[in-house]
2 protein chains.
Amino acid sequence: MNPFSTNNNVATLSEKKLIARVCSKFGASASLPSPYGAGDDCALIKAKSLQDNVCATSDAVILGRHFAETDSPFLAGEKLIKRNVSDIASMGARPFSALASSICSPNISLDWLDAFSEGMGSACERYAIKIIGGDFASVKDDFFSTHLTLLGQTTLSPLLRTGAKEGDIICTTGVLGASFESGHHLTFQPRLEQGVFFAESGLITSCIDLSDGLGADLRNLLPDGMCAELLEADIPLREFDGKKASIRGAFCDGEDYELLFTFSSKSNFDKFAKEYFAKFGEPIFRIGEIKKAKSSEEENALILISNSKRQKIDFVGFDHYIS
Amino acid sequence: MNPFSTNNNVATLSEKKLIARVCSKFGASASLPSPYGAGDDCALIKAKSLQDNVCATSDAVILGRHFAETDSPFLAGEKLIKRNVSDIASMGARPFSALASSICSPNISLDWLDAFSEGMGSACERYAIKIIGGDFASVKDDFFSTHLTLLGQTTLSPLLRTGAKEGDIICTTGVLGASFESGHHLTFQPRLEQGVFFAESGLITSCIDLSDGLGADLRNLLPDGMCAELLEADIPLREFDGKKASIRGAFCDGEDYELLFTFSSKSNFDKFAKEYFAKFGEPIFRIGEIKKAKSSEEENALILISNSKRQKIDFVGFDHYIS
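Residues numbered from 1 in each chain as written. Chains lettered and ligands numbered in written order. Predicted model: local features only at pLDDT ≥ 70, side-chain atom pairs only at ≥ 80, totals over all residues. Heavy atoms only, no water.

K.L.:
Run through the overall build of chain A, naming residues and quoting values.
P.N.:
The secondary structure content of chain A amounts to nine helices and 14 strands. Relative to a compact globule of 323 residues, whose C-alpha radius of gyration would be 20 Å, chain A shows 21 Å and is just as compact. Principal-axis analysis of the C-alpha atoms gives chain A an extent of 65 × 45 × 35 Å. Put simply, chain A has 323 residues, and 60% of those count as buried. (Helix = DSSP H or I, 4+ residues; strand = E, 2+ residues; numbered from the N terminus. Rg over C-alpha atoms; globule rule 2.2 N^0.38 Å. Buried < 20%, exposed > 50% of the residue type's maximum accessible area, 1.4 Å probe, protein only.)

K.L.:
Go over the interface of chain B and chain A with me, naming the residues and quoting the values.
P.N.:
Between chain B and chain A, the residue contacts involve 65 residues of the former and 64 residues of the latter. Between chain B and chain A the total buried area reaches about 5200 Å² when both faces are included, carbon and sulfur atoms providing 58% of it. Inspection of the chain B/chain A interface yields four salt bridges. Here B:Asp41 makes a salt bridge to A:Arg161, at a shortest N to O gap of 3.2 Å. Between the two partners, chain B and chain A, sit 27 residue pairs in polar contact (both at pLDDT 80 or more). Going through the elements one at a time, helix H1 (15-26), strand S1 (43-46), strand S2 (53-62), helix H2 (73-89), strand S3 (94-104), strand S4 (130-137), strand S5 (144-154) and strand S7 (204-209) of chain B are the ones with two or more residues in the side of chain B that touches chain A. It is S2(B) that provides the largest number of residues to the side of chain B that touches chain A, a total of nine residues. Looking at the side of chain B that touches chain A residue by residue, the class counts come to 32 nonpolar, 18 polar and 15 charged. Bridge count for strand S1 (residues 43-46) of chain A against S2(B) is four bridges, and the pairing is antiparallel. If you follow A:Leu44 over to S2(B), its bridge partner there is B:Cys55. (Contact = heavy atoms within 4.5 Å. Buried area = accessible area lost by both parts, 1.4 Å probe. Salt bridge = Lys/Arg side-chain N within 4 Å of Asp/Glu carboxyl O. Polar contact = N/O pair within 3.5 Å; in protein donor to acceptor, adjacent residues only side chain to side chain. Nonpolar A, V, L, I, M, F, W, Y, C, P; charged D, E, K, R; others polar. Pairing = 2+ DSSP bridges.)

K.L.:
So what about helix H9 (residues 269-280) of chain A? Which residues, and what values?
P.N.:
All names here are of chain A. In a regular helix each residue adds 1.5 Å, so twelve residues correspond to 16 Å; H9 covers 16 Å between its end C-alpha atoms and thus fits that length. Restricting attention to buried positions, one finds in H9 the residues Phe269, Phe272, Ala273, Tyr276 and Phe280. The arc that holds the buried residues of H9, viewed along the axis, is 100 degrees, so those residues lie on one side. Turned more than 90 degrees away from the buried face of H9 sit Asp270, Lys274 and Ala278, all of them exposed. In this fold, the buried residues of H9 make contact with strand S6 (169-172), helix H6 (192-201), strand S7 (204-209), strand S11 (259-263) and strand S12 (285-292). Positive phi appears at Gly281, one or two residues downstream of H9, with a value of about 70 degrees. (Expected span 1.5 Å × (residues − 1). Arc of directions from axis to C-beta.)

K.L.:
Lay out the side chain of A:Glu255 in plain terms, naming residues and giving numbers.
P.N.:
All names here are of chain A. Here Glu255 is to be found in the loop between helix H8 (247-252) and S11. The buried category is assigned to Glu255, whose relative accessible area is 8%. A polar contact is formed between the side chain of Glu255 and the side chain of Lys79, at a distance of 2.7 Å. Non-local contacts of Glu255, meaning those with residues more than four positions away in its chain, are made with His66, Lys79, Arg83, Ser179, Phe180, His184, His185, Leu210, Ser211 and Asp212.

K.L.:
Can you tell me about the environment of B:Glu166, naming the residues and giving the values?
P.N.:
Residues and elements named next belong to chain B. In this structure, Glu166 sits in the loop between S5 and strand S6 (169-172). For Glu166, a relative accessible area of 42% puts it in the partly exposed group. With 63 residues separating them along the chain, Glu166 and Glu229 place their C-alpha atoms 11 Å apart. Leave out the neighbours within four places in its chain, and Glu166 touches Met226, Ser265, Ile290 and Lys292.

K.L.:
Hey, could you go over the relation of the copies chain B and chain A for me, with residue numbers and the actual values?
P.N.:
Two chain copies, one operation linking them: a rotation about an axis together with a shift along it. Expressed as a screw operation, the relation of chain B to chain A combines 0.0 Å of axial shift with a rotation of 180 degrees, fitting to an RMSD of 0.0 Å. The relationship between the two copies is best expressed as a two-fold rotation axis. Same-surface contact between copies: 98% of interface residues of chain B are shared with the interface of chain A. (Least-squares fit on C-alpha atoms with pLDDT ≥ 70 in both.)

K.L.:
Tell me about helix H3 (residues 110-126) of chain B, residues and numbers included.
P.N.:
All names here are of chain B. The first and last C-alpha atoms of H3 sit 24 Å apart over 17 residues, in line with the 24 Å expected at 1.5 Å per residue. In terms of burial, H3 is a largely internal element, twelve of the 17 residues being buried. For H3, the set of buried residues is Leu110, Trp112, Leu113, Asp114, Ala115, Phe116, Ser117, Gly119, Met120, Gly121, Ala123 and Cys124. Buried residues belonging to H3 abut H1, S2, H2, S3, S4 and S5. The N-capping residue of H3, defined by a side-chain oxygen 3.2 Å from the backbone nitrogen of Asp111, is Ser109. A positive phi of about 60 degrees marks Ala128, the residue just after H3.

K.L.:
Please give an account of the pairing of strand S13 (residues 302-306) of chain A that cites residues and values.
P.N.:
Regular strands place side chains that alternate from one sheet face to the opposite one. Residue and element names in this part refer to chain A. When you tally the buried positions in S13, you get five out of five residues, the bulk of the element. In the sheet, strand S8 (residues 226-231) pairs with S13 via four bridges, with the strands oriented parallel. Opposite Glu229, over in S13, you have Ile303 as the bridge partner. Direction of pairing for S13 relative to strand S14 (residues 309-312): antiparallel, over a ladder of four bridges. Bridging across to S14, Leu304 finds its partner in Gln311. Between the end of S13 and the start of S14, which pair antiparallel, lie two residues, with Asn307 showing a positive phi angle near 50 degrees.

K.L.:
Give a description of the packing of aromatic side chains that names residues and reports values.
P.N.:
Scanning the model with the defined rule gives 33 aromatic pairs over all chains in all. Taken together, a centroid distance of 4.4 Å and an interplanar angle of 15 degrees make the contact between A:Phe143 and B:Phe143 stacked. With A:Phe143 in the loop between strand S4 (130-137) and strand S5 (144-154) and B:Phe143 in the loop between S4 and S5, this residue pair bridges two chains. Here A:Phe143 falls in the buried class, since its relative accessible area comes to 12%. Taking 4.9 Å as the distance between ring centres and 40 degrees as the angle between the ring planes, the aromatic pair formed by B:Phe263 and B:Phe272 counts as tilted. One exposure class covers both B:Phe263 and B:Phe272, and it is buried. Each residue in the set A:Phe197, A:Phe198, A:Phe261, A:Phe263, A:Phe269, A:Phe272, A:Tyr276 and A:Phe280 is aromatic and connected to the rest through ring pairs, giving one cluster. (Phe/Tyr/Trp six-rings, centres within 6.5 Å; stacked < 30°, edge-to-face > 60°.)

Right, here's the structure in full:
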């Protein structure tokens, strides 16, 4: 669907009518009455209704950057919600409320925006999220972005990036690489229940969601003076359309939205992996181990072992500014 | 300062270094260690540390829209914080945490971004706000925007837009109009302490912050079947550089960031106004009254009275999409 229209576009509506239209497309996800939802200067949340740990994250989708003009606007709207849910999942929490703020040029098509908003609403319903606020701002030229701030909560101890120790096992919840080429970046399911399962287990020493690729994200779990030893043969690569992602793709492509985590070396991994499989019908992928660096060069580095050869990984994963 | 640079720009830094640089410019406002601040997938807030009513709002500043290339980036960064604080103030709450999400083209100058970030940090410090998270996304072409999601809290009953009754007095905390022309949109001080004072008084029946002009915002306070009768001579107009805002400017220009509120007809207004003046050294401006509509045409309308003539106001205030 074309995101732009010369006549049936947002410029034909007042801001108030535009917001009312978008909210109607959110469906049940926008059903909270003001002041607990949109419609006043702020949305309200009763502190009494909150669990121990509240977490907050913010991520956007931008037309031409996180999705293309030719992509389904419904899936783009779902992606906005899901990529933020993935951040909440990596803490072992559950989402509950969101604020959605759009920058939108006057020529954005209303039909296209309807479909985008329906995608947001559909994903919010799936993850029990209420959209409680946000705003619209206008810019010239063909432009559309929406930033979501997502609030989550849990009674459990959140999974953090820090906490991995020497000997801990490095795992992912799914296959990696070629997310854009395969369309996975639009159709993925964030690992929400898996994150909660990890937090409940008490056996996960650190966790992050794979958004920038293994090459970038795994570095965030490494304690000082340690390295990550990865067995090339164990890194699961995405297969699609008779093709297979490359090992470089697993490190660099990004947007896998799998959980990357470390499992305590003192606990029974096989038992845990079996329980996980019984619950989710999918395997955990064990890809390596946290090790003491063998030289100062290996400190905070990723070491790939293939055919008994040790190779330091130099490519660093997706970076928004340096490519 | 030029927002763009061909060599000393954000494209020379990795995203990690860019975020570290920006956080260092936030100063004390970014000092929370992860996971209570930036640095993990989400920021954490302890629910136990929160007061009864948590409120959440989200608003952006966009280069070329909410500030110009020639404006001070420090003041633009302050404006981002202050316009969100103004929303929190209109609920009678105080802010505590913020997430800041930027969309930023690679050619944005680092010096310019430093000054913008310092402005954010300076305003945050003034209002006791910690910046606990956010992100950077890159787009092509000359572009810069930052969305802030601001969380506030109060033990008091929040001031809402709904609650005005027939006979209530309509007031503002300051002069109106010509906000862009006079530079007020960059230099204003949100009425934070005034909002708290209003909530504590228990005498304010409804409240909103004036961001889209009296013509748009006052309509949000009108109960069904009522109108707002305004005395033209009582509407305070901004004076600057030997000029004075027009009455039309007060209704349409927007970005006044004053509180617009209704005072209960059953209470002693003069006593309240005196206490307010004693506390803030500035007057409250009484501009009109909530009245029963005299005809169906006057329902939910703004009626301006000048020289005993009643005139229905047709201009509706600033709208992002229809001008």
